Structure formats: structure tokens, C-alpha cells
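Listed here are the chains, written in short residue letters.
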Amino acid sequence: MTAQEHALELINAEIDGVITGTQKAELNRLLLADPAVRALRDELAGVCNALDTMPREDLPAGLHEAIVSGLPVATPISHAVARRTSFAQRPLLRYAAAFAGGLLVSALAFQLDRLDPSQAGQGALAGTIADAAHVDGSHAEARMIVNLPQAQGSVTLTGTAADPQVVTALQSSQPVSIVTQLHGDGVVEVQVVDDATASVLQRGKLRIGSAR
Amino acid sequence: MNEESDGALVRRTCSGEPRAFEGLVRRHEKTVFNAALRMLHDREEARDVTQTVFLKVYEHLGEYDPSHKFYSWIYRIALNESIKALQRRKPTAALDFETPDGTAGPDRVFDQRELSDSMAVAIMGLRTEHRAVIVLRHFMDCSYEDMAVILELPEKTVKSRLFTARQALKTALETRGWTSE
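Quantities reported herein were computed from a predicted structural model and do not represent experimental measurements.

Novice: Whenever I open this one, the packing of aromatic side chains confuses me. Can you help?
Specialist: The relative placement of two aromatic rings is captured by the distance of their centres and the angle of their planes. All names here are of chain B. All told, the structure shown has five aromatic pairs over all chains when counted by the stated rule. Both rings, one in Tyr71 and one in Tyr75, keep their centres 5.5 Å apart while their planes meet at 45°; by these two values the pair is tilted. Of the two residues, Tyr71 and Tyr75 both sit in helix 4 (residues 70-88), four residues apart, roughly one turn of that helix. One aromatic cluster in this structure is built from Tyr64, Phe70 and Trp73.

Pasting the structure below:
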């Protein structure tokens, strides 16, 4: 970095109010020593002051009303959806599962309170994620209920032992990931992970037909 | 009085209270309009862009990632829509701004109105990426960090662009006879 670039960085840091004490002392030294730096600082400060004092225009008449009235009638669609992942449809995962367990990460960023009650069935979140018609002796399911401040809903293991499926139905107020690992003994380990901190919020183990 | 946060208004909107979205519009519409105006230098286009921005925000509200600041998201959409509007213009339209319409005169102090007008023209003479950082910093009050998020650039690059843009504005104003005195 040249001396001029260094001076320029200090001047801009001062203008933007992010100059540190050490930088300020350095800038003051440069200002005292070099009239060109003083001139540059005054000119750039003048430009920025002019920018900051430019009048902000009022909204054109009727624009607010046009924006609001022009919105679609339908409520925005949130990400509160059920996701179904078949290990069998993922050869790589199935291959990995056979030897070392498969790792599947579904990153979900949902809104609170967005599950459709008509789908949930009497307020039961599980109702959104497993169609009872598909659950018979060979399609038993195991479910982990998630009821955390950050996320609510459930993670269900369904399908057959040969074709297990993980179904998530979650709402959250912040991004979370559902990490599922298929172990060789047919057990699926489920973790709810806070994306912001990478900490595990909840974990459980599911096997077709049982939860433990 | 406690103002409801952007995030709370988003959740209410997505929870079936579309009227909550009006709170978001009211909070951000003036900033979005002024940013579009500074990007485009055309009130009608800025008006259309502002309307488009809020429509897109509403339609994609379910995709909003609450781990990010809402205004960063909406400002990014506003910038992108402004740039799209610029790209739709005929190539000659932008040339009007590339050459200052005033000739170099003696150094003098501009009055506020004159300075604002000259500044608006000087802003339009900037390259689009430089104009964007000026608008984000000086018309949307974004920090370096915010700008880096919105532009999806390293903070160092954002600062470099901002400093270059300010110097370009200084040069453009000086050619019109402006001094900082």
C-alpha cells in the first residue's frame, strides 16, 4: 500500500466514523506533515457532506397506495413444508449407508406458525407428514417430536427397512439443519442443528416401528 | 413506543396477516425510492422500480432468511431492480450523464440546490458499481459490513470501490467548478 493509499484509507475511515484511536493519531500526524493530505481530507469530507445533505425526495403521490393495492391477494408461501427424502433414491447415500452410514443434510429455514392446520389434523403436527394410508405393518414409522424455542414439528422415519424415508415437518424462527445419519443396523440418528452456532439443539435415534 | 421489528412483521404477514406487510412498506418505501432515484435519475422509473421491489419482496417473503437483516435483503432487491432498469435503457440514454453538462468554471462555492443538482448528475456519471456503493453508503446508511452482504463482495473490495467512487465524484464536481471551501 502506498503512502497515498494509506492516507486515503485513514481519511475514509474518519469520514465513515470507523476510525480507531491509533488510526486517528496516525491521520493527525499525516495532516500536520502534509498539506496535500489536508487538502484531500477536506475535499473528500466536503463531497461526503454534500452527499449526506442532499435532500431525500418525498414519495410520489399515490405510490404507497399503488404498492399496497398492487400486492397479490394470496398470503406469501412460507417454507413450512414437509420434505421427504428417500435413501433408496440416493444411490450414493445407500452405498455409503451400507458401509459407514449415510449422511444427509437438509437445510431448512422456515417461518413460525405456518403449518396449515387443515393438513395437520386437529393440531397434530404429525398429521402433515405421514399419510395413514401408507402406514401398514411393513410401513411402520418412528417419530421424533421437536419442540424447541427455535423449531417445532417432527422428524419421522417411515417406509421399510429396505427403503427408509425421513420426513421432516418443521417450523422455525431461524435457520436450522436436520442432519440424519443412517447406521448399518437400520437405526437413523437425527440431529437438529442451529445453523448460526452449529450447535446440536436436539438429537434422537429412530428405527422403523419404534422411537428411542 | 416499541416498533414492531421487521422480522415480526414478516412472520405476521406469512401467518396470514397480509396487512402487516404494509408496515414493512411504510418503513422502507422512502429509502427504496430514493435509492432507485439516485441509481436511475428518473422519478418515473424510480417509482416503477419501487413498486416492483415490494411486489417481489411480498412474493418471495417465504424465502426470506431471518438470520439476515431484512433491510439487507430488500436493499439488494432494490439495487438489482435498479440495475435491471438501467440495462433496459437504450445505450444512448446513459451517455447524457457521462459528460458534465457544465463547463469548467472558476472555483466557487455552490449553493445547496446547485450542489445537489450537480451531485445528482455526477452520481449518474459514475460506473454502475461505483454508483451502487455510493447509494448504499450515503442514501441507505449501510455499513461496510451491510454493503458487503448486499453486494456479496468482500468488505475490502467494497471499501476500495467506495473510496474510488468518492474520488471520482470529487473530480467530477471539480470539473464543474466546485471547491470544498
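Novice: Explain the interface of chain B and chain A here, please?
Specialist: For interface size, the figure often reported is the accessible area lost on association. Contacts between chain B and chain A engage 53 residues on the former and 49 residues on the latter. For the interface between chain B and chain A, the tally reads five salt bridges. Where Asp16 of chain A meets Arg137 of chain B, a salt bridge forms, and the shortest distance between an N and an O atom there is 2.9 Å. Linking chain B with chain A are 16 residue pairs in polar contact (both at pLDDT 80 or more).

Novice: I'm lost on helix 4 of chain B in this one. Help?
Specialist: Since one α-helical turn is 3.6 residues long, residues separated by three or four positions face the same way. Helix length check: helix 4 of chain B (19 residues) gives 27 Å between terminal C-alpha atoms against 27 Å at 1.5 Å per residue, within 8%. Within the sequence span of helix 4 of chain B, burial applies to Phe70, Ser72, Trp73, Ile74, Tyr75, Ile77, Ala78, Leu79, Glu81, Ser82, Ala85 and Leu86 of chain B.

Novice: Where do I start with the pattern of salt bridges in this structure?
Specialist: Note on pairing: side chains with opposite charge can pair once their charged atoms come close. Residue and element names in this part refer to chain A. Taken as a whole and assessed by the stated rule, the structure comprises 21 salt bridges over all chains. Ionic pairing is found between Glu14 and Lys24, a salt bridge with its closest N-O pair at 2.6 Å. Taken together, the residues Glu14 in helix 1 (residues 3-15) and Lys24 in helix 2 (residues 21-33) connect sequence positions ten residues apart. Residues Arg29 and Glu26 are paired through a salt bridge, measuring 3.3 Å at the closest nitrogen-oxygen approach. Taken together, the residues span about one helical turn, with Arg29 and Glu26 both in helix 2 at a distance of three residues. Classification of Glu26 as partly exposed rests on a relative accessible area of 24%. Salt bridges linked by common partners bring Glu14, Lys24, Arg41 and Asp42 together as one network.

What counts and how
- Every chain begins its residue count from 1, and numbering advances along the sequence as written.
- Note on labels: chains are lettered from A, ligands numbered from 1, in written order.
- Totals for whole chains, interfaces and linings use all residues, but because this is a predicted model, local features are given only for residues with pLDDT of at least 70 and pairs of side-chain atoms are given and counted only at 80 or more.
- Excluding hydrogens and water, the side-chain figures rest on all heavy atoms present in the structure.
- Each Phe, Tyr or Trp ring (for Trp, its six-membered ring) is paired with any other whose centre lies within 6.5 Å, and the angle between the two planes then decides the class: stacked below 30 degrees, edge-to-face above 60, tilted in between.
- Helix and strand assignments come from DSSP, with helices taken as H or I runs of at least 4 residues and strands as E runs of at least 2, each series counted from the N terminus.
- The contact criterion used throughout is that any non-hydrogen atoms of two residues lie within 4.5 Å.
- When a carboxyl oxygen of Asp or Glu lies within 4 Å of a side-chain nitrogen of Lys or Arg, that pair is called a salt bridge.
- Two N or O atoms form a polar contact when they lie within 3.5 Å of each other; inside protein one atom must be a possible hydrogen donor and the other a possible acceptor, and for residues adjacent in sequence the pair counts only when both atoms belong to side chains.
- Each helix should span, by expectation, one fewer than its residue count multiplied by 1.5 Å.
- Burial classes follow relative accessibility: with a 1.4 Å probe on protein chains only, a residue under 20% of its type's maximum area counts as buried, one over 50% as exposed, and anything between as partly exposed.

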